[in-house]
Amino acid sequence: MTSTDTYNLDHLAELEAESIYVIREVAAQFDRPAILLSGGKDSIVVTHLAAKAFAPANIPMPLVHIDTGHNFPETIEFRDSLVERLGATLIVGSVQKTIDDGKVREETGHNASRNKLQTTTLIDTIEENKFDACIGGARRDEEKARAKERFFSHRDDFSQWDPKNQRPELWNLFNGMHAPDEHFRVFPLNNWTELDVWNYILKESIQLPSLYYSHHRECVRRDGQILANSEYLNLKENETTEMMQVRFRTLGDLTITGAFESDADTLEKIIEEVAVTRITERGGRMDDRRSTSAMEDRKKEGYF
């Protein structure tokens with residue numbers, strides 16, 4: 001399956017219909033929903049689906065971006081362009097402000113990252129805006145902790161997730177009932193795979209940040225990963241940078257998002273590459289390697 005010419009378009013249509021149904025259910029069941037926009041391909045697809053779900057009206061809920069302050073410049077530029085094009089409302093939560101307020105402490109050392117710190121910023125942003133549902137682009141096939149998620153994922157009044165206490169979702173019936181200060185994280189792409197997402201992007205001609213396409217960038221090799229060099233990356237004494245032809249399969253904090261050597265500069269080439277790769281898209285995320293349960297631990301604390 002290398003393009004939408006050979007990909008099952010009926011399958012994509014079914015996934016699209018299911019996701020739009022979930023998004024509309026959020027609008028129907030919750031009073032103050034929001035869409036979490038990371039600037040990555042999955043959250044962009046969710047935003048595209050929301051635009052289709054409510055067309056010709058604008059998306060009736062704000063887009064929320066948690067800004068680590070260590071984002072790729074291309075991500076921020078794309079975010080602002082997308083918001084303007086959709087006529088959407090953007091709410092930005094600042095990790096730097098969370099640090100300045102003394103709520104979290106900046107990590108130090110060569111592998112320092114702000115990725116974990118953004119959990120506090122996310123929770124604060126949800127509480128300040130009284131959001132009762134936050135829609136995101138996570139998928140079950142991404143990582144083993146993600147595979148435990150339902151479409152409607154309950155969070156308690158501390159924003160914590162209990163994977164053993166999730167509600168049944170029989171016959172596509174979703175229970176959004178919650179007590180005050182509780183909320184839900186909602187995942188319309190739960191049943192999609194990475195290949196589904198890329199084929200849908202091709203079919204719908206969805207615009208993406210240039211980072212997803214092959215380009216030349218100054219990088220450093222560290223612990224089997226390729227990291228983009230930046231002012232935020234603390235180089236070790238024996239590390240040297242080199243110009244490489246790379247692309248990114250997932251986007252996040254600059255200091256932990258690994259690149260892959262690739263010459264895939266078109267959607268068709270990316271789909272061919274994804275179809276044969278044996279490495280998961282989060283295989284380049286340094287934060288997931290901190291422990292075998294790194295993702296699940298962060299999710300229990302309130303991470304998306």
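See the structure shown above.
The residue numbers shown here count from 1 along each chain, following its written sequence. Local features in this predicted model are restricted to residues whose pLDDT is 70 or higher, and side-chain atom pairs enter the listing and the counts only when it is 80 or higher, whereas totals over whole chains, interfaces and linings include all residues. To get the side-chain values, all heavy atoms of the structure are used, and hydrogens and water are removed first.

Asks: A description of the pattern of salt bridges should follow, citing residues and the corresponding values.
Replies: Each salt bridge in this description consists of a side-chain nitrogen of Lys or Arg and a carboxyl oxygen of Asp or Glu lying within 4 Å of one another. Tallied over the entire structure, the rule returns 18 salt bridges. Of the charged contacts, one joins Glu149 and Arg155 as a salt bridge, the two residues approaching to 3.6 Å between their closest N and O atoms. For Lys269, the salt bridge is made with Asp265, and the minimal N-O distance between the two is 3.2 Å. Taken together, the shared-partner salt bridges in this structure form one network comprising Glu16, Lys52, Lys203 and Glu204.

Asks: Quick rundown of a nonpolar patch on the surface? Include the residues and the values.
Replies: Together, Leu170, Trp171 and Leu173 make up a nonpolar patch on the protein surface, roughly 430 Å² of accessible area in all. Labels follow the DSSP assignment, with helices taken as runs of H or I lasting at least four residues and strands as runs of E lasting at least two, numbered in each case from the N terminus. As for its placement among the helices and strands, Leu173 is situated in the loop between strand S5 (152-155) and strand S6 (183-186). Overall, Leu173 belongs to the exposed group, its relative accessible area being 54%. Here the term patch refers to residues with relative accessible area over 30% and no salt bridge, with like charges joined within 9 Å and nonpolar side chains (Val, Leu, Ile, Met, Phe, Trp, Tyr) within 5 Å. Surface accessibility in these figures is a Shrake-Rupley result with a 1.4 Å probe; residues are shielded only by whichever protein chains are displayed. Accessibility here uses a 1.4 Å probe with only protein chains present; expressed as a share of the type maximum, an area under 20% marks a residue as buried, one over 50% as exposed, and anything in between as partly exposed.

Asks: Report on the packing of aromatic side chains, specifying residues and quantitative values.
Replies: Pairing of aromatic side chains requires ring centres within 6.5 Å, counting the rings of Phe and Tyr and the six-membered ring of Trp. Pairs whose planes differ by under 30 degrees are stacked, by over 60 edge-to-face, and all others tilted. Tallying each qualifying case throughout the model produces 9 aromatic pairs. Here Phe30 and Phe152 contribute two aromatic rings whose centre-to-centre distance is 5.7 Å and whose plane-to-plane angle is 45°, an arrangement assigned as tilted. Of the two residues, Phe30 is situated in the loop between helix H1 (9-29) and strand S1 (33-36) and Phe152 in strand S5; the sequence distance between them amounts to 122 residues. Given a relative accessible area of 4%, Phe30 falls into the buried group. Owing to a relative accessible area of 2%, Phe152 belongs among the buried residues under this scheme. Ring-pair connections join several aromatic residues into one group, and the members of that group are Tyr21, Phe30, Phe151, Phe152, Phe174 and Phe184. If you follow Arg140 out to its NZ or CZ, it ends over the ring of Phe151, 5.4 Å from the centre. Definition used: whenever NZ (Lys) or CZ (Arg) falls within 6 Å of the ring centre and also within 35 degrees of the ring normal, the charge is taken to sit over that ring. Just above the ring of Phe260 sits the side chain of Arg249; from NZ or CZ to the centre is 5.3 Å.

Asks: An account of H1 is needed here, citing residue identities and associated values.
Replies: In a helix, the anticipated span is given by 1.5 Å times the number of residues less one. Here H1 spans 30 Å end to end across 21 residues, near enough to the 30 Å set by a 1.5 Å rise per residue. Residues Leu12, Leu15, Glu16, Glu18, Ser19, Ile20, Val22, Ile23 and Val26 constitute the buried set of H1. In this analysis, two residues are considered to be in contact whenever any of their non-hydrogen atoms come within 4.5 Å of each other. The inward-facing, buried residues of H1 contact S1, helix H2 (41-54), strand S4 (133-135), S5, S6 and helix H6 (194-204).

Asks: Report on the side chain of Glu194, specifying residues and quantitative values.
Replies: Position of Glu194 relative to the elements: it lies in helix H6. The class of Glu194 is buried, set by a relative accessible area of 7%. At 2.7 Å, the side chain of Glu194 forms a polar contact with the side chain of Arg249. Apart from the residues within four sequence positions on either side, Glu194 is in contact with Lys41, Arg139, Asp141, Arg249, Val274 and Glu281. Any pair of N or O atoms that falls within 3.5 Å is considered a polar contact. Within protein, one atom must be able to donate a hydrogen and the other to accept it, and sequence-neighbouring residues count only if both atoms are side-chain atoms.

As far as function goes, none of this settles anything; it's purely spatial.
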